[in-house]
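Structure assessment
Each chain is listed here by its residues.
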Amino acid sequence: MDNHRVAVIRGDGIGIEVVEEGMKVLKAVSKQYDFDFTFDEFPWSSDYYKDHGEMMPSDALDTLSGYDAIFLGAVGHPDIQDHITLNGLLLPIRRTFDQYICERPNILYPGITSPLSGKSPFDIDMVVIRENTEGEYANVGGFQYSDFPEEIGIQTGIFTRKGCERAIRYAFELARRRNKKNHLTSVTKSNAQGYGLVVWDRAFDRVRQDYPDIQTRSLLVDAASMDFIRKPESFDVVVGSNLFGDILTDIGAIITGSMGLASSANLDPERRYPSMFEPVHGSAPDIMGQGIANPMAQILTGAMMARHLGENSAAEDIESSVLSLLEEGEILTPDLGGTSSTQVVGDAVVRSLGH
Ligand SMILES: NC(=O)c1ccc[n+]([C@@H]2O[C@H](COP(=O)([O-])OP(=O)(O)OC[C@H]3O[C@@H](n4cnc5c(N)ncnc54)[C@H](O)[C@@H]3O)[C@@H](O)[C@H]2O)c1
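Each chain carries its own residue numbering, running from 1 in the written order of its sequence. In keeping with the predicted nature of the model, local features appear solely for residues at pLDDT of at least 70, side-chain atom pairs appear and are counted solely at 80 or more, and the whole-chain, interface and lining totals rest on all residues. The basis for every side-chain value is the complete set of non-hydrogen atoms in the structure, without hydrogens or water.

Take the pairing of strand S9 (residues 215-220) next. As paired strands, strand S8 (residues 183-188) and S9 are joined by six bridges and run parallel to one another. Bridge pairing in S9 links Thr 188 to Leu 220. For the handedness criterion, the β-α-β arrangement of S8, helix H6 (residues 196-208) and S9 is classed as right-handed. A pair of strands is considered paired only if DSSP assigns at least 2 bridges between the two. Helix and strand labels come from DSSP, where a helix needs a run of H or I of at least four residues and a strand needs a run of E of at least two; each type is numbered from the N terminus. Seen with its strands pointing away from the viewer, a crossover is right-handed if its path from the first strand over the helix to the second goes clockwise.

Now for the layout of surface pockets. Space left empty within the atom packing is revealed by a probe, the size of a water molecule, rolled over the atoms. Throughout, the protein atoms alone are placed on a 1 Å grid, and a set of points is a cavity if a 1.4 Å probe fits but cannot get out or a pocket if it is open with protein on both sides within 12 Å along at least five of seven lines; lining residues have an atom within 4 Å of a point. Grid points are joined across faces, edges and corners, and a volume is the space filled by probe spheres set on the points. The computed volume of the largest pocket comes to approximately 1,000 Å³. Forming the walls of the largest pocket are 46 residues, and the residues nearest its centre are Val 75, Asp 82, Leu 86, Tyr 137 and Asp 246. Taken together, the elements giving at least two residues each to the lining of the largest pocket come down to helix H4 (82-96), strand S6 (135-144), strand S7 (152-158) and helix H8 (242-255). Residue contributions to the lining of the largest pocket peak at eight residues, all from H4.

Another point: the site of the ligand. Around the ligand, a shell composed of 21 residues is seen, among which Asp 82, Glu 278, Gly 282, Ala 284 and Asp 286 lie nearest. Any N or O atom pair separated by 3.5 Å or less is treated as a polar contact, with the protein-specific requirement of one donor-capable and one acceptor-capable atom, and with residues adjacent in sequence counted only for side-chain atom pairs. Taking Val 75, its main chain carries an N or O atom lying 2.9 Å from an oxygen atom of the ligand. Protein burial of the ligand: of its 800 Å² of free accessible surface, 70% is covered by the chains. Cavity membership is defined here by more than half of the atoms lying within 2 Å of grid points; on that basis the ligand lies in the largest pocket. Amino acid classes used here: Ala, Val, Leu, Ile, Met, Phe, Trp, Tyr, Cys and Pro are nonpolar; Asp, Glu, Lys and Arg are charged; the rest, including Gly, are polar. Split by residue class, the shell around the ligand holds ten nonpolar, seven polar and four charged. Here, proximity means that at least one heavy atom of the residue falls within 4 Å of the molecule or strand. Where accessible areas are quoted, they stem from the Shrake-Rupley method and a 1.4 Å probe; at the residue level, only the protein chains shown are allowed to cover. Molecules are considered to sit inside a cavity or pocket once more than half of their atoms lie within 2 Å of its grid points.

Now for the environment of Gln 209. Structurally, the position occupied by Gln 209 is in the loop between H6 and S9. Looking at Gln 209, the relative accessible area reads 57%, which means it is exposed. The sequence separation of Gln 209 and Val 345 amounts to 136 residues, and the corresponding C-alpha distance is 46 Å. Within the structure, Gln 209 has its side chain in polar contact with the backbone oxygen of Asp 205 (distance 2.8 Å). When accessible area is computed with a 1.4 Å probe and restricted to protein chains, residues below 20% of their type maximum are described as buried, those above 50% as exposed, and intermediate ones as partly exposed.

It is worth spelling out the packing of helix H1 (residues 14-32) against helix H11 (residues 342-351) at this point. Axes here mean lines fitted to C-alpha atoms, for a helix over just the part in contact, with angles spanning 0 to 180 degrees between N-to-C directions. Between H1 and H11, the shortest axis-to-axis distance is 9 Å and the interhelical angle comes to 15°. Taken as axis vectors, H1 and H11 run roughly parallel relative to one another. The handedness of the crossing between H1 and H11 is right-handed. Only Thr 342, Gln 343, Gly 346, Asp 347, Val 349 and Val 350 of H11 make contact with H1, whose side of the interface consists of Glu 17, Val 18, Glu 21, Lys 24, Val 25 and Ala 28. Considered class by class, the residues forming the contact of H1 with H11 number five nonpolar, three polar and four charged. Here the word oblique covers every angle except those under 35 degrees (roughly parallel), over 145 (roughly antiparallel) and from 65 to 115 (roughly perpendicular). Crossing handedness is read from the near helix: turned anticlockwise from the far helix by less than a right angle, it gives a left-handed crossing, and turned clockwise, a right-handed one. Two residues qualify as a contact provided that any one of their heavy atoms is within 4.5 Å of a heavy atom in the partner residue.

On to the sheet that holds strand S10 (residues 237-240), then. The strand order across the open sheet built from ten strands is S2-S1-S3-S12-S11-S4-S5-S10-S8-S9, with neighbouring strands paired in mixed fashion. Only two strands of the sheet have a single neighbouring strand rather than two, namely strand S2 (35-42) and S9. Put simply, the sheet's adjacent strands are angled 25° from each other on average, direction ignored. In this sheet, S10 lies alongside strand S5 (residues 125-131) in parallel orientation, the contact comprising four bridges. From the neighbouring strand, Val 127 faces S10, where its bridge partner is Val 237. Against the sheet, H6 touches S5, S8, S9 and S10, its axis set at about 165° to S8. On the sheet, H8 packs against strand S4 (101-107), S5, S8 and S10 and is oriented at approximately 155° with respect to S5.

Along the chain, Leu 332 turns up in the loop between helix H10 (312-328) and H11. Taking relative accessible area as the criterion, Leu 332 reaches 6% and is therefore assigned buried. Sequence-wise, Leu 332 and Val 345 are 13 residues apart; in three dimensions their C-alpha atoms are separated by 6.4 Å. Once residues lying within four places of it in the same chain are set aside, the contact partners of Leu 332 are Met 296, Leu 325, Leu 326, Gly 338, Thr 339, Ser 340 and Val 345.

Counted according to the given criterion, the structure contains one cavity of 30 Å³ or more. Taken as a whole, the largest cavity holds about 60 Å³ of empty space. The wall of the largest cavity is formed by Pro 105, Asn 106, Ile 107, Tyr 109, Thr 256, Leu 261, Ala 262 and Ser 263. Taken together, the residues of the lining of the largest cavity sort by class into five nonpolar, three polar and no charged.

Right, let's get into the environment of Asp 62. Tracing the backbone shows Asp 62 in helix H3 (residues 60-65). The exposure class assigned to Asp 62 is exposed, which follows from its relative accessible area of 60%. Separated by 167 residues in the primary sequence, Asp 62 and Ile 229 place their C-alpha atoms 42 Å from one another.

Here it is, written out as structure tokens:
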């Protein structure tokens, strides 16, 4: 029997609550098939930072490297500057394990009312591929004259030919594999960012020669943001830099109903290192501890993890179970207009597995 060893980092805020439901569903589905999950939990979080002065211990990356996958909730706390939580945990994991793809589906499911008028189920059905290890998140720069009136912050974006090409190639392969609209949109801003994003555009032009079967277009990020609202059905696969992908997927999440439905995976497609599975949403301090966070994003992220680990049928079962709850519309958290708690939704997903 296959046993998938998963490192679990609940993190902060609602991450703690939704990961519980994610693990519950994964455990339940594994019992219906011939495999198992071993979950080892690590308390790395903002609380850990308050006690130890660091988000995770110095050997954390070594520890994580021994796992098949990492299942993460969210990190972020109102008392701690976000760049500390991000640079102390998330970004080192993504970079060290060369998780150069962030894959984020945005699908309008049956039973969900989009804030955009006149949209039917699956009118919105796209996947955003975000370059995940360089670009605007490269953490290169510095301060001068800190705390003086002349204070300066310099932030450098890194765009390498290799980094751009491999993300773009993954997006082309995905468009082909999906075989839906066979279309790829590249998101750029090379009119104003005349160096890094020119390297991006050149990479897109080069790689697209290898995919004559995939239609392409290149949009400036401002136009892409507009079209995510104005005509989201025109997108199939979208590929963008680290920052653009991050921003566009929040738009993608909200036009498909809720941040509480948006799943995400940080992938090392070559499988040299563990990939990390965390939903799009953050720690949501505004609703933490109330038991009302929607666990579906974390649960669907768990389905992405199961699929990555080769458990395709289990992944499909989880997705069908979530979809049937959405369609029935009775057991939902408040973000989707319901009154059910996080735990009740998690239990309901477990109950409808395999039905
Ligand atoms: N991957 C991550 O760990 C990650 C991602 C984004 C933000 N953050 C961090 O999270 C903290 C809060 O950030 P934010 O408020 O900008 O974004 P957020 O995603 O935490 O919340 C945005 C809004 O969406 C709602 N929301 C999010 N997830 C939900 C869910 N599962 N169910 C119901 N409602 C949900 C929240 O209540 C809030 O109103 C910050 O510290 C930020 O840095 C972390």
